[in-house]
Amino acid sequence: MSDPSGAKQRGLALELRQSGKAWLFVAPVLVALAVVIGYPVFEAIWMSFSKDSGIDPATGMFVEGGSAGFSNYTHWLLQQCGSLNGMVSCPTGTLGSQFWSAVGITLFFTVVMVSIEALLGLGMAMVMGKTFRGRALLRAAVLIPWAIPTAVTARLWEFMFQYDGVVNRVLGTHILWTSDMWASRFAVVAADVWKTTPFMALLILAGLQVIPADVYEAAKVDGATAWQRFVHITLPLLKPALLVAVLFRTMDTLRIYDLPAIMTLGNPSTNTLSILVVEQVRQGPNSAAALSVITFLLVFAIAFILVKVLGANAVRTQEDQRKAN
Amino acid sequence: MTKEPVAEPKTVPVQPVSWRKRIGTVRLYLGVAIVLVWGLGPFYWMAVVAFRDPAHTFDSTPWPTHVTLENFRNAFDTSRGNNFGRALLNSVIIGSATTAVALILGVLAAYALARMAFAGKYLISGLILSASMFPAVVLVTPLFQLFTDIGWIGQYQAMIIPNISFVLPMTVYILASFFAELPWELEEAARIDGASKFQAFRLIMLPLAAPAVFTTAILAFIASINEYLLARLLSGDDTKPVTVAIASFSGNDPLVQPYAAIMAAGVIVTVPLVIMVLIFQRRIISGLTAGGVKS
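Residues numbered from 1 in each chain as written. Chains lettered and ligands numbered in written order. Predicted model: local features only at pLDDT ≥ 70, side-chain atom pairs only at ≥ 80, totals over all residues. Heavy atoms only, no water.

In the nomenclature of an unreviewed UniProt entry, chain A corresponds to Carbohydrate ABC transporter membrane protein 1 (CUT1 family) from the organism Nocardia fluminea. The Subcellular location (unreviewed entry) field of the UniProt record for chain A holds the comment "Cell membrane". The heading Sequence similarities (unreviewed entry) in the UniProt record of chain A holds the text "Belongs to the binding-protein-dependent transport system permease family." (UniProt positions renumbered as here; feature names shortened; annotations may be inferred.)

So, in structure tokens, the structure goes:
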């Protein structure tokens, strides 16, 4: 490395030559994503501004649709439903009236599930990070809940939460876990925590293992207690891994569908935004599209806030890390 | 200079184990036991009920009593409308096709993102990452409409194509972090010997990356098998994957859920996945964390 600036220039020339070829490598994926994501998203946005064809409540005549302006959005946000007397607030029990409760339930699930999973996952990672015989077996066992398809998990927990099921038997209770409002929410949370805490734990464990052991040794020599070492060394050094895990799980939970949809079929107290969209698709695809766009904006807004405020920099690539080291 | 340290004698005098240490060991094994029960408990319960006579489904004896294979027969009984064998086949078809397409497209892009410098690289990797965080509900409405119009509802491609939307970004991301870890020297040597970038990729990198590609395939397959939301709307009677079949399992009485048969079906789906997890545990973990934390 005699002449760094010369090397830099050669690097730049190489970069320009490579650029064309690299784009050729990346192009198939970009085209595929444009077809499978780009097209539906733009179509969804287009649909959300179109009227559903059907009976016009004002005239009682069948109409083909046309532009809807923001009415599909106000339908959800202001809970306005069309009727013979123009726009009125949606009657209770209809999907339109459930929007704000679905937002609340989705956010409730996200906050509760992700915080429980982060805490338990941290504990689980601490256990799995220790050295003992059969450690590999333990890690495999922990992967099992993660590998089982969510639909199967949902049925399994729905069964365990039956009135005559094992949960009521063990607790000696008579709780209607799948129909009572808070019990059913609790049941969904329990099933999700069971399924995804291991995933969280593995992400945290990976972060735990890059902390060099001599940092702990030094702290030990200085007389730090186990708790002090955990709070002042483990937690700060674990922060990046923990934040990425939390970000990933938050995105997943905001779009949660399978567990509540299967476990507590038709129970509005666990209806999340995704469930509402799927229920609406057959009733009115254009207002379903508007609801899905709202969901999408909510998910991205929360992702943005998490990345900006907490600094969970998930977009950093390997290259950055290599350069930084 | 200090004098040479004297070698420690190999036999350390036996010292009484301190209480602190003993409590530590007890706590560790208690933690291990809790984690084990966590992972295996509900799965074990599913297996116990699956092998138990359906009349005793709600028994709470923690081991199998009244053992029978009847539930497994019921799960496959087409006369009850549970064409579970077909559903298993459908899941394998959809999962394999999705995985194959995602790998073929993803390997090239991952290689470029990990190994080549080019303008717009960060934009593309950001784009691909945000694609993986995309809520699937956005796709549901337009695809349901489109596939209804062109008569694709109930056909395999109606599920394979949307599955690519979340499997492909994941594939690219995991593969890219694997590729970045491969040694650079071999590739550079090949380039100096006159190999083109594509030849270096095909002849040197791809064989080296085979284990990583295999790992990614497992993860992509599991993710694809897991899909339910889109399949629920886009599948037909003959193309239902296991997730949809198991969610809508029916018995003789439409008001009574045939839980014993459902648990048997659950065991059938789960056992191959559990075996896969046990065999490839190390690889699966490295793949999961490659896609997650290392970024």
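Undergrad: Help me understand the overall build of chain B in this model?
TA: Of the regular secondary structure elements, chain B holds 11 helices and 0 strands. Traced from its N-terminal end to its C-terminal end, chain B shows the element sequence α-α-α-α-α-α-α-α-α-α-α. Expected size for 295 residues packed as a compact globule is a radius of gyration near 19 Å; at 26 Å, chain B overshoots this value by more than 25%. Overall size of chain B, expressed as C-alpha extent along the three principal axes, is 90 × 65 × 30 Å. A buried classification covers 51% of the 295 residues belonging to chain B. Of the roughly 13900 Å² of accessible surface on chain B, a fraction of 67% belongs to carbon and sulfur atoms. Of the side chains in chain B, 20 bear a positive and 16 a negative charge, and the two mean positions are spaced by 11 Å. (Helix = DSSP H or I, 4+ residues; strand = E, 2+ residues; numbered from the N terminus. Rg over C-alpha atoms; globule rule 2.2 N^0.38 Å. Buried < 20%, exposed > 50% of the residue type's maximum accessible area, 1.4 Å probe, protein only. Areas by Shrake-Rupley, 256 points an atom, 1.4 Å probe, with all protein chains shown as cover. Lys, Arg positive; Asp, Glu negative; His and termini not counted. Charge placed at Lys NZ, Arg CZ, Asp CG, Glu CD.)

Undergrad: What am I meant to see in the overall build of chain A here?
TA: A count of helices and strands for chain A gives 13 helices and 4 strands. Looking at chain A alone, contacts between residues at least 24 apart form 65% of all its contacts between residues at least 6 apart. Surface exposure of chain A reaches about 15600 Å², of which carbon and sulfur atoms provide 66%. (Contact = heavy atoms within 4.5 Å.)

Undergrad: What's the story with the nonpolar core in this structure? I'm lost.
TA: Of all hydrophobic cores here, the largest spans 175 residues; its most connected members are A:W146, A:W157, A:M263, B:F84, B:L168, B:F179 and B:M263. Counting the residues that make up this core, at least three belong to each of domain 1 (4-95) and domain 2 (97-324) of chain A. With near-sequence residues (within four places) excluded, B:F84 lies in contact with B:A75, B:F76, B:V242, B:A245, B:I246, B:F249, B:A265, B:I268 and B:V269. (Core = buried A, V, L, I, M, F, W, Y, C linked by side-chain atoms within 4.5 Å. Domains from an automatic or database assignment.)

Undergrad: Help me understand the UniProt feature "transmembrane region" (unreviewed entry) in chain A, please; the structure alone is not making it clear to me.
TA: Residues and elements named next belong to chain A. Per the UniProt record, "transmembrane region" (unreviewed entry) is found at residues 21-42, 99-124, 136-157, 230-248 and 288-307. Spanning residues 230-248, this segment combines 100% helix with 0% strand, and its end C-alpha atoms are found 24 Å apart. Secondary structure across residues 288-307 comprises 100% helix and 0% strand; the distance between its end C-alpha atoms is 28 Å.

Undergrad: Explain the interface of chain B and chain A to me, please; I cannot follow it from the model alone.
TA: Bring the parts together and some accessible area is lost; that lost area is often taken as the interface size. On the side of chain A, 98 residues touch chain B, which itself brings 99 residues to the contact. At the junction of chain B with chain A, the criterion picks out 0 salt bridges. Residue contributions to the side of chain B that touches chain A peak at 16 residues, all from helix α11 (residues 259-291) of chain B. Looking at the side of chain B that touches chain A residue by residue, the classes come out as 70 nonpolar, 24 polar and 5 charged. (Salt bridge = Lys/Arg side-chain N within 4 Å of Asp/Glu carboxyl O. Nonpolar A, V, L, I, M, F, W, Y, C, P; charged D, E, K, R; others polar.)

Undergrad: Would you mind showing me how to read the UniProt feature "domain: ABC transmembrane type-1" (unreviewed entry) in chain A here?
TA: Mapped onto this numbering, the UniProt entry gives "domain: ABC transmembrane type-1" (unreviewed entry) at residues 103-306 of chain A. Helix makes up 80% of residues 103-306 of chain A and strand 0%, and the two end C-alpha atoms of the span are 18 Å apart.

Undergrad: Would you explain the domain arrangement of chain A in this entry?
TA: Residues and elements named next belong to chain A. Each assigned domain of chain A is listed here: domain 1 (4-95) and domain 2 (97-324). On the domain 2 side, the residues contacting the 19 residues of domain 1 number 18 residues. For domain 1, the biggest contributors to the area lost against domain 2 are D52, W76 and L95; these three give 44% of the whole. Summed over the shared surface of domain 1 and domain 2, the result is 0 salt bridges. Counting the contacts that link domain 1 with domain 2 gives 3 residue pairs in polar contact (both at pLDDT 80 or more). Within the residue set of the side of domain 1 that touches domain 2, elements represented by two or more residues are α1 (4-48) and α2 (71-77). In terms of residues, the side of domain 1 that touches domain 2 owes the most to one element, α2, which gives 5 residues. Residues that form the side of domain 1 that touches domain 2 fall into these classes: 9 nonpolar, 8 polar and 2 charged. (Buried area = accessible area lost by both parts, 1.4 Å probe. Polar contact = N/O pair within 3.5 Å; in protein donor to acceptor, adjacent residues only side chain to side chain.)

Undergrad: Where do I start with helix α5 (residues 150-160) of chain A in this structure?
TA: Side chains three or four residues apart in an α-helix point the same way, a direct result of the helix having 3.6 residues per turn. α5(A) sits mainly inside the fold: 11 of its 11 residues count as buried. Listed in full, the buried residues belonging to α5(A) are A:T150, A:A151, A:V152, A:T153, A:A154, A:R155, A:L156, A:W157, A:E158, A:F159 and A:M160.

Undergrad: Can you help me understand the pattern of salt bridges in this one?
TA: Note that side chains of opposite charge can pair when their charged atoms are close. All names here are of chain A. Inspection of every chain in the model, using the stated rule, returns 5 salt bridges over all chains. Across the pair D252 and R249 runs a salt bridge whose closest N-O atoms are separated by 3.4 Å. In this pair, D252 and R249 both sit in helix α9 (residues 226-254), 3 residues apart, roughly one turn of the helix. Residue classification places R249 among the buried residues on the basis of a relative accessible area of 3%. For D252, the salt bridge is made with R255, and the minimal N-O distance between the two is 2.6 Å. On the basis of relative accessible area, R255 is assigned to the buried category, the value being 19%. Each member of the salt-bridge network shares a partner with another, and the members are E117, D192, R249, D252 and R255.

Undergrad: Would you mind going over unusual backbone geometry with me for this structure?
TA: Unlike most non-glycine residues, B:H66 shows phi in positive territory, near 50 degrees. Here B:H66 shows up in the loop between α1 (19-50) and α2 (70-75).

Undergrad: When you look at a nonpolar patch on the surface in this model, what are you seeing that I'm missing?
TA: A surface patch of nonpolar side chains, amounting to about 410 Å² of accessible area, comprises A:F304, A:I305, A:V309 and A:L310. Within the element layout of this structure, A:I305 appears in helix α12 (residues 285-310). (Patch = residues over 30% accessible without salt bridge, like charges linked within 9 Å, V, L, I, M, F, W, Y side chains within 5 Å.)

Undergrad: Explain the packing of helix α8 (residues 213-221) of chain A against α9(A) here, please?
TA: Residues and elements named next belong to chain A. One way to put it is that α8 packs onto α9 with a least axis distance of 11 Å and a crossing angle of 145 degrees. Helix-helix and strand crossings are classified by hand; for α8 and α9 the assignment is right-handed. When α8 is examined against α9, the residues V215, Y216, A219 and K220 are found in contact with a partner set consisting of R229, I233 and T234. Residue classes in the contact of α8 with α9 are distributed as 4 nonpolar, 1 polar and 2 charged. (Axes fitted to C-alpha atoms, helices over the stretch in contact; angles between N-to-C directions. Left-handed = near helix turned anticlockwise from the far one by under 90°.)

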